[in-house]
Amino acid sequence: METTEPGWRPEYRGADASVGDVGSGRELGAHLYYLYRAGRNELPQIAKTYADVAVMVHRTAGAMEGQFHLPGRGIGPAQQRLLELRAEVQGVLRLTSLRMSEVGAALVTIADRYAATDEAAANEFSRLLGNNASDYQRPALAPPDPPAPGDPPLADPRIPRNVVD
């Protein structure tokens, strides 16, 4: 069973001297629970928000370029800089989404590995998971990989075709 699946509980597998002194017992278990909750539930939601905004910004590319290519207009230095800024914003939003997903996965792994080194911590961690089971009934959110600047346009039914063509 994967550490993000509903019903998952940490398993104590014996002391592991390689991790050093990270605390022990119930207090460590509570800290691990909060790391796990942030990594499994909170950071993926933040990553999804950034991914959603990156998609929204990506959808503006075609409309912006279309406006600059209308008769009597053109892409001058100011319009080119606007397109570059749009791409930079999209790139930052995309990278932030990807990094939030990576950090969330790392926190889940850290919580699991530390719980495996301390039986009392694993028990407290499991108790907190059980007390908050409703927060873990659904599979963990897997945010989508947002489009990168320069990716093909996404179809958006809210934008008439003549605006982006």
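Residues numbered from 1 in each chain as written. Predicted model: local features only at pLDDT ≥ 70, side-chain atom pairs only at ≥ 80, totals over all residues. Heavy atoms only, no water.

For the rest of this paragraph, the subject is the overall build of the protein chain. Along the backbone of the protein chain there are four helices and zero strands. Counting from the amino terminus, the protein chain carries its helices and strands in the arrangement α-α-α-α. Out of the 165 residues in the protein chain, the part that is buried amounts to 33%. In the protein chain, 87% of the contacts between residues at least 6 apart in sequence involve partners at least 24 apart. Taken as a whole, the protein chain presents about 9,900 Å² of accessible surface, with 56% of it coming from carbon and sulfur. (Helix = DSSP H or I, 4+ residues; strand = E, 2+ residues; numbered from the N terminus. Buried < 20%, exposed > 50% of the residue type's maximum accessible area, 1.4 Å probe, protein only. Contact = heavy atoms within 4.5 Å. Areas by Shrake-Rupley, 256 points an atom, 1.4 Å probe, with all protein chains shown as cover.)

What follows concerns the confidence of the model for the protein chain. When the pLDDT values of the protein chain are averaged, the result is 82; 83% of them are 70 or greater. Per-residue pLDDT stays below 50 along residues 159-165; that stretch engages in seven contacts with residues further than four places along the chain or on separate chains. (pLDDT = per-residue confidence, 0-100.)

Mapped onto the elements of the fold, R86 is located in helix α2 (residues 77-115). One polar contact links R86 to Q90, side chain to side chain, over a distance of 2.7 Å. Sequence-distant contacts of R86, that is, excluding residues within four places in its chain, are made with V57, H58, T60, A61 and M64. (Polar contact = N/O pair within 3.5 Å; in protein donor to acceptor, adjacent residues only side chain to side chain.)

Looking now at the packing of aromatic side chains. Taken as a whole and judged by the stated rule, the model has four aromatic pairs. Ring centres 5.3 Å apart and planes at 70° place the aromatic pair Y33 and Y34 in the edge-to-face group. Residues Y36 and F125 carry aromatic rings whose centres are separated by 5.5 Å and whose planes lie at 70° to one another, so their mutual orientation is edge-to-face. Of this pair, Y36 sits in helix α1 (residues 25-68) while F125 sits in helix α3 (residues 119-131), and the two are 89 residues apart along the sequence. As far as burial versus exposure is concerned, Y36 and F125 are alike and both buried. Taken together, the ring pairs connect Y33, Y34, Y36, F125 and Y136 into an aromatic cluster. (Phe/Tyr/Trp six-rings, centres within 6.5 Å; stacked < 30°, edge-to-face > 60°.)

Below, the discussion takes up α3. Its 13 residues give α3 an end-to-end C-alpha distance of 18 Å, which sits within 8% of 18 Å, the value for a rise of 1.5 Å per residue. For α3, the full list of buried residues reads A121, A122, E124, F125, S126, L128 and L129. Measuring from the backbone nitrogen of A120 back to the side-chain oxygen at the start of α3 gives 3.0 Å, which picks out D118 as the cap. (Expected span 1.5 Å × (residues − 1).)

All right, on to the environment of P143 then. Its place among the elements puts P143 in the loop between α3 and α4 (161-164). When the C-alpha atoms of P143 and I46 are compared, they prove to be 9.0 Å apart, with 97 residues separating the residues in sequence. Discounting chain neighbours no more than four positions away, the residues touching P143 are P44, A47, K48 and S101.

It is worth spelling out the environment of A63 at this point. Relative to the assigned elements, A63 resides in helix α1. Take A63: its relative accessible area is 19%, and that puts it in the buried class. In the structure, A63 is positioned 90 residues away from P153 in sequence and 9.8 Å away in space, judged by C-alpha atoms.

A few words on α2. Residues lying three or four places apart along an α-helix face the same way, a consequence of the helix completing one turn every 3.6 residues. Compared with the 57 Å implied by 1.5 Å per residue over 39 residues, the 57 Å span of α2 between its first and last C-alpha is a close match. Within the sequence span of α2, burial applies to L83, R86, Q90, L93, S97, G104, L107, V108, A111, D112 and A115.

So, about the pattern of salt bridges. As enumerated under the stated definition, the model contains eight salt bridges in all. A salt bridge links E88 to R81, with the nearest nitrogen and oxygen atoms 3.1 Å apart. A relative accessible area of 45% places E88 in the partly exposed class. A residue is classified by how much of its surface remains accessible, and R81, at 37% relative accessible area, is partly exposed. With a shortest N-O distance of 3.2 Å, D145 and R94 are connected by a salt bridge. Remark: R94 occurs in helix α2 and D145 occurs in the loop between α3 and α4; sequence separation between them is 51 residues. The exposed category is assigned to D145, whose relative accessible area is 55%. Salt bridges sharing common partners tie together R26, E124 and R127. (Salt bridge = Lys/Arg side-chain N within 4 Å of Asp/Glu carboxyl O.)

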